[in-house]
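Chain by chain, the residues run as shown.
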Amino acid sequence: MKKLLILSVALGSLSSAAAAQNNELHVYNWSDYIAEDTIAKFEAETGIKVTYDVYDSNEVLEAKMLTGNSGYDVVVPTSDFLQRQIAAGAYMKLDKSKLPNLVNMDPDLMANAAAYDPGNEHAVIYMWGTTGIGYDVNAVAERLGADYVVDSWDLVFNPDVVSKLADCGVTFLNAPTEMIPAAMNYLGLDPNSTNKDDLEKGAALLEKVRPHIRYFHSSQYINDLANGDVCVSVGWSGDVFQAQARADEADNGVEVGYIIPKEGALQWFDMMAIPVDAPNPDAAHKFINFIMDPQITADITNYVWYANGNAASLPLVDEEITSNPGIFPTEEAKAHLWASKVYDARTDRLITRLWTRVKTGQ
Amino acid sequence: MSMQAHIAEPGRAGKWVRTVSGWFAGRGRTLVIAIPMLWLLLFFLVPFLVVGKISLSEAAIARPPYLPIWNFEDGILTLSLNLGNFQFLAEDSLYFNAYVQSLQIAFFSTILALLIGYPMAYVIARAPARLRNLLLMLVILPFWTSFLLRIYAWIGILKTNGVINNILLSLGIIHEPLVMMQTNFAVYVGIVYTYLPFMILPLYSTLVKLDESLFEAAADLGARPLTIFLSVTLPLSVPGIIAGSMLVFIPVVGEFVTPELLGGPDTLMIGRQLWTEFFANRDWPVASAVAIVMLIVLVLPVMLLQRTQPDEAGG
């Protein structure tokens, strides 16, 4: 919240000095997902006035994209959502002649992302991360014993373990297409299976641990982990690291840890794309190219603690981050990561319905 | 439409209407009525028809994410109405349960707001005239802050490390923090808090108009205060009770923000279900069907109520 305030104050003071009215750019990005000075630097360099809005769920972004006329020039959907939105015709093809900084991107990661966007025609990797477990080191040790090794989904999916943690607060992401596959993976099933029985089994596991879950939310846990209001959260890597940083900042005695569980975790890419009806596609290309500047991307990674897809930026990223296996997984951990897949409408509905059953018992 | 009538001063409004309609003579009357009608048409009927149209469509991966219900090709107009969305709602007990729980939460919230609001309205109405406006302003004052901020304030009060828990812990009354956030309790607190003024204001405007000589007469005839309240005050304030209850009950049924922010995952309300259909399932047709059914669920009882209250409804 404080960060947002500073940002909006910074934006406000800059906006008065900004240039002509049509020289505007509207960016819609995830909450807590950019360095404090990125926008200011872009405005200073280009003279384009930026309006920066945030969301905390792909679903909200998707509703805007599918409605059309969102007014945004750059948005940052996650890879599987991007794929569906491309299919619906929501994005324009990038004009790569306007994106000279593309050479900085890691070819392997871009090839991974091409699975969702063939030929990387519509989108560029902004950041990527994993969906793992954030936890309050002391609170967990207090309840499970100091020698309990936190390295597995057991922490949230094993009823014997999670029941011991329920009193200090266990939370799940409100993201059915991430939670149910994680449960399936824990059961030894293919996390990308669309088989109804497999999905039901995954949901059944979640239902079993449901009584020990405090809430299902995709951003609240950042503050709550940092404040010690909850102690275990299935969460997105960088968000958990932000909780860690906030706890350090507040010096409140809370120590937050993050693991990519040994059974594996979801790897996702958040991709910058330009809506087909963007009011200012030219400025949008400038913005995407600006973000791909090695120093700018490195600044963002240094601030939000998410891995980026920009090979040239890595030497500029803090050692503390590049050597953190929770952010840049080891080769061994990488072998267990899985990528999300786009589901057909029927599977989507089944997953959402199962999710409602998990959450409400109905 | 009985509610507004009690809040506004009917006398003054009536005079104004008479003056205006005087200007326009006979035809003007229609014109004056036409303005609210046009308003309703534009901001209620048209959106309702759009939602109705979408509810008869079929979801698709497209922009917007549903298929058009009519198709004009080679001079042939094909109309395809998909009733499957409504059928789908009937087949899955989830929706029925969500409607029932929404009605239940709305019902108990209304009762709670009435129990808290009635004494407050009564005290304000009986207070010395110079104090009344001040007290009324105190009731309305919270509206000057954003509704969202007020709900966030409740999060700060109710959460595990929040104000209430910290006070109780430091006083030694409890040893483990109470879990209040993400429970139905928090939802009731948030809803009753938010909607209380909507209960107090119509109650106040009814109570303040009651003729004091009625109470004196009752007392002269030997009635005790409780009897006076039960057999004089309460029956005479029924219009205010009904108006206040409607103003609380109807919006609470469709509440989304309060249960989303304060409620637990098992607080199943139709507003949240609508969100899920619209955003998570990106199934606009089913979401629209949910909304249409909600409207019917709400409109029918209100119409029945108006019918049983012909005098009040006319007023």
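The model shown is predicted, which means the values in this text are computed figures rather than measured ones.

When its secondary structure is counted, chain A shows 17 helices and ten strands. The globule rule puts the C-alpha radius of gyration for 362 residues at 21 Å, and the 20 Å found for chain A is close to it. Judged by the C-alpha coordinates and their principal axes, chain A covers about 60 × 50 × 35 Å. For chain A, the proportion of its 362 residues judged to be buried stands at 59%. A total of about 13,600 Å² of accessible surface is found on chain A, and carbon and sulfur atoms cover 51% of it. Averaging the locations of the 26 positively and 50 negatively charged side chains of chain A gives two centres separated by 8 Å.

Residues and elements named next belong to chain A. Of note, aspartate 198 is situated in helix α10 (residues 196-209). Separated by 2.7 Å, the side chains of aspartate 198 and serine 193 make a polar contact. The residues contacting aspartate 198, other than those within four sequence positions of it, are Met184, Leu189 and Ser193.

Here we come to the state of the cysteines. By definition, a disulfide links the sulfur atoms of two cysteine residues through a covalent bond. Residues and elements named next belong to chain A. All chains considered together, the criterion is met by one disulfide over all chains. What pairs with cysteine 168 in a disulfide is cysteine 231, and their sulfur atoms sit 1.9 Å apart. Negative torsions about the S-S bond denote left-handed disulfides, and the value of about 60° found for cysteine 168 with cysteine 231 makes this one right-handed. One end of the pair, cysteine 168, is in the loop between α8 (159-165) and β5 (170-172); the other, cysteine 231, is in the loop between α11 (220-227) and β7 (232-236), with 63 residues separating them in the sequence. Take cysteine 168 and cysteine 231: they sit in the same class, and that class is buried.

This brings us to the confidence of the model for chain A. When pLDDT is averaged across chain A, the result is 90; 94% of the residues are at 70 or more. Across residues 1-21 of chain A the pLDDT falls below 50, and counting only partners more than four positions away or on other chains, this stretch makes 18 contacts in the model.

This part is about the interface of chain A and chain B. The figure often quoted for interface size is the accessible area lost as the parts come together. Residue-level contacts link 32 residues of chain A with 30 residues of chain B. With both sides pooled, the region where chain A packs onto chain B buries about 2,700 Å², and carbon together with sulfur makes up 53% of that total. When the buried surface of chain A facing chain B is broken down by residue, Leu66, Arg214 and Arg349 of chain A rank first, second and third, together holding 23% of it. Where chain A meets chain B, there are seven salt bridges. With its nearest N and O atoms 2.1 Å apart, the salt bridge here joins arginine 282 of chain B to glutamate 62 of chain A.

Enumeration over the complete set of coordinates arrives at 23 salt bridges over all chains. Between lysine 98 of chain A and aspartate 282 of chain A there is a salt bridge, with its nearest N and O atoms 3.2 Å apart. On the criterion of sequence distance, the pair formed by lysine 98 of chain A in the loop between α4 (79-87) and α5 (107-113) and aspartate 282 of chain A in helix α13 (residues 281-291) is long-range, its members being 184 residues apart. Ionic pairing is found between glutamate 260 of chain B and arginine 272 of chain B, a salt bridge with its closest N-O pair at 3.0 Å. Pair noted here: glutamate 260 of chain B is in helix α12 (residues 257-262) and arginine 272 of chain B is in helix α13 (residues 270-280), with a separation of twelve residues, a long-range link. Exposure remark for glutamate 260 of chain B: the relative accessible area of 27% places this residue in the partly exposed category.

So, how was this worked out
Residues numbered from 1 in each chain as written. Chains lettered and ligands numbered in written order. Predicted model: local features only at pLDDT ≥ 70, side-chain atom pairs only at ≥ 80, totals over all residues. Heavy atoms only, no water. Helix = DSSP H or I, 4+ residues; strand = E, 2+ residues; numbered from the N terminus. Rg over C-alpha atoms; globule rule 2.2 N^0.38 Å. Buried < 20%, exposed > 50% of the residue type's maximum accessible area, 1.4 Å probe, protein only. Areas by Shrake-Rupley, 256 points an atom, 1.4 Å probe, with all protein chains shown as cover. Lys, Arg positive; Asp, Glu negative; His and termini not counted. Charge placed at Lys NZ, Arg CZ, Asp CG, Glu CD. Polar contact = N/O pair within 3.5 Å; in protein donor to acceptor, adjacent residues only side chain to side chain. Contact = heavy atoms within 4.5 Å. Disulfide = S-S within 2.5 Å. pLDDT = per-residue confidence, 0-100. Buried area = accessible area lost by both parts, 1.4 Å probe. Salt bridge = Lys/Arg side-chain N within 4 Å of Asp/Glu carboxyl O.

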